[in-house]
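# Commentary on secondary and tertiary structure
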Amino acid sequence: MTTSSRNEESLNPVEKIDKLIHEPSRLLILANLYVVKRADYTYMMRQTGLSMSNISVHLSKLENAGFVDIIKEFKGKKPYTMMALTDLGREAFDNYRANLAEVFEKLDD
Amino acid sequence: MSENISLKKLEKRAFKTYHDDGTWEAGVGLFMVYMALYERLFGTVEPEAIRYLLLGFGVSLLLYAPFWALKKYFVTPRLGRVEFSETRKKRSKKAIVIVVIAVTLTFIPLIATILIKNSLVDWEGYRYPHAAIEIGAGIFIALVMTLIAYFQDFDRLYVYGVLMGMTMTTTWIIEDTYPFAIAGGIIFATGTFFFISFFRKYGRSVDEVADDHI
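Residue positions are given per chain, counted from 1 along the sequence in the order it is written. Labels follow written order: the first chain is A, the first ligand is 1, and so on. Two thresholds apply to this predicted model, a pLDDT of at least 70 for residue-level local features and 80 or more for giving and counting side-chain atom pairs, whereas whole-chain, interface and lining totals are computed over all residues. Excluding hydrogens and water, the side-chain values take into account all heavy atoms of the structure.

Before going further, it helps to examine the side chain of N99 of chain A. Numbering of helices and strands runs from the N terminus; a helix is a DSSP stretch of H or I covering at least four residues, while a strand is a stretch of E covering at least two. Tracing the chain through its elements places N99 of chain A in helix α6 (residues 87-106). Discounting chain neighbours no more than four positions away, the residues touching N99 of chain A are K16 and I17 of chain A. Here a residue-residue contact requires only that any non-hydrogen atoms of the pair lie within 4.5 Å.

Set out below in C-alpha cells:
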C-alpha cells in the first residue's frame with residue numbers, strides 16, 4: 001500500500017464529521033441539550049459560558065439544519081423561549097460521536 | 001475533542017448545579033436549630049395545641065419560607081429553566097418513594113403510641129433495650145438520607161445523613177436537644193457558605209451578563 005493511498009483511507013472518517021456540529025460552541029450547545037429534555041437560554045448560557053448573542057447565532061444555524069426546536073411558551077403571562085434537540089439532532093449527534101471515535105481509532109501513531 | 005466529553009458527567013453536573021445554591025441546607029439547618037431551642041423558649045406555653053401547631057410547626061414554616069422564596073425568585077431565574085430527562089425524573093421519583101416509605105415507617109410507632117398503651121415509646125413494660133431503639137433510629141435516618149443522596153446525586157447529603165443519624169442517637173441518649181442545635185448550626189453554616197459562593201458566581205442578573213463575551 002502506498003503512502004498516499006494509506007493517507008486517503010485514513011482521511012475518509014474525517015470527511016464524515018459533521019462540520020455544523022464540529023464547531024466548538026455548537027458542540028457545547030448540542031452536548032448540553034443532549035442530556036436534558038429541554039432548556040432555556042439562561043440555562044444554556046450558564047452551562048456553556050457562552051454569551052446570549054453567541055447562543056442565538058449558533059441556535060439559528062442548528063434550527064435551520066433541523067437539529068434543534070425553538071419553543072416559545074407562556075407560564076402565566078411570562079413568555080419563555082425553550083430549546084430542545086429534535087430526533088434528527090439526536091441522531092446527528094450520535095453519528096458525530098461515532099465518526100469522531102472512528103477518526104481517532106484510525107489515526108496513525 | 002468529544003472523546004473527552006462524558007455526557008453522563010455533563011448531565012450530573014447540570015443537575016447538581018440546581019442543589020449547589022445552599023438555600024435548602026440553610027433552611028433545614030435553621031429549622032433544626034429552632035426545633036432544638038423551641039422547648040426551652042416555649043416549653044411552658046399553654047394550651048399544647050398553640051405550642052405545637054403555632055409555635056412549633058407554624059414558626060418552623062415561617063423560618064423556612066424565606067429560603068424557599070430565595071430559591072424560587074433569586075436562584076432559579078439565575079440558573080435558568082430546564083426539564084431534565086426521563087431517566088433523571090425516574091431517579092428523583094425513587095428518592096420520593098424512599099421518603100414516603102421512611103415517613104410511613106416512622107409513623108407506625110407514633111400511631112402505636114396513640115392506639116396502644118405501653119407502646120414502644122412508653123418506657124415501662126418496654127420490651128427492647130433503649131439503646132437498640134436509639135441507635136436503630138440513628139442508623140435508619142442515616143440510611144434514608146444516604147439513599148436520597150444517591151438518587152438525587154446530592155453528595156453533601158451523605159454527610160448530612162450521617163450527621164443527622166448521630167444527632168438523633170445522641171439526643172435520645174443524653175435526653176437533651178443540644179446535638180440537634182449543633183448539627184443544625186453546621187448544616188446552616190454550610191448552606192450559607194454555598195449560597196455566598198453561588199451569589200458571587202451568579203449574583204448578576206441574566207440581563208446584566210447577557211452579552212458578556214467569553
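Read on, since the account is not over.
Right, let's get into the nonpolar core. Joining through side-chain atoms within 4.5 Å is the link that ties buried Ala, Val, Leu, Ile, Met, Phe, Trp, Tyr and Cys residues into a set, and such a set is a nonpolar core. Accessibility here uses a 1.4 Å probe with only protein chains present; expressed as a share of the type maximum, an area under 20% marks a residue as buried, one over 50% as exposed, and anything in between as partly exposed. Ranked by size, the top nonpolar core spans 42 residues in total, and within it I21, I29, I55, V68, M83 and F93 of chain A carry the most contacts. The element that contributes the greatest number of residues to this core is helix α3 (residues 24-34) of chain A, accounting for 6 residues. Dropping the residues within four chain positions of it, V68 of chain A is found in contact with L30, L33, L59, L62, E63, M83, A84, L85 and T86 of chain A. Within the second largest apolar cluster, 17 residues are counted, among which are A102, V144, A183 and I187 of chain B.

With that settled, consider the pattern of salt bridges. In what follows, salt bridge is the name for a side-chain nitrogen of Lys or Arg lying within 4 Å of a carboxyl oxygen of Asp or Glu. Taken as a whole and judged by the stated rule, the model has 16 salt bridges over all chains. Between E73 of chain A and R81 of chain B there is a salt bridge, with its nearest N and O atoms 3.5 Å apart. Of this pair, E73 of chain A sits in strand β2 (residues 68-75) while R81 of chain B is found in the loop between α3 (48-79) and β1 (82-84), placing the two residues in two different chains. R81 of chain B sits in the partly exposed class, given a relative accessible area of 21%. Among the ionic pairs, E11 of chain B bridges to R88 of chain B, the shortest N-O distance being 2.8 Å. Of the two residues, E11 of chain B is situated in helix α1 (residues 7-17) and R88 of chain B in helix α4 (residues 86-115); the sequence distance between them amounts to 77 residues. Each of the two residues, E11 of chain B as well as R88 of chain B, counts as buried.

Residue and element names in this part refer to chain B. Of note in this structure, D153 is not a glycine but carries a positive phi near 50°. Looking at the element boundaries, D153 is found in the loop between α5 (130-152) and α6 (156-174). At E175, a position not held by glycine, the phi torsion is positive, near 55°.

Turning to the packing of α3 of chain A against helix α4 (residues 41-48) of chain A, a few remarks are in order. All names here are of chain A. Where α3 contacts α4, the two axes come as close as 10 Å, and the packing angle between them is 115°. It follows from the interaxial angle that α3 and α4 lie roughly perpendicular. Handedness of the α3/α4 crossing: right-handed. Residue-level contacts link L28, I29, N32 and L33 of α3 to M44, Q47 and T48 of α4. Across the contact of α3 with α4, the residue classes break down as 4 nonpolar, 3 polar and no charged. Axes here refer to lines fitted to C-alpha atoms; in helices the fit is confined to the stretch in contact. Angles between the N-to-C directions go from 0 to 180 degrees. Under this scheme an angle from 65 to 115 degrees is roughly perpendicular, one under 35 degrees roughly parallel, and one over 145 degrees roughly antiparallel; angles in between are oblique. Handedness of a crossing is defined here by the sense of rotation of the near helix relative to the far one, left-handed for an anticlockwise turn of less than a right angle and right-handed for a clockwise turn. Under the convention adopted here, Pro, Cys and the residues Ala, Val, Leu, Ile, Met, Phe, Trp and Tyr are nonpolar, Asp, Glu, Lys and Arg are charged, and Gly plus all remaining residues are polar.

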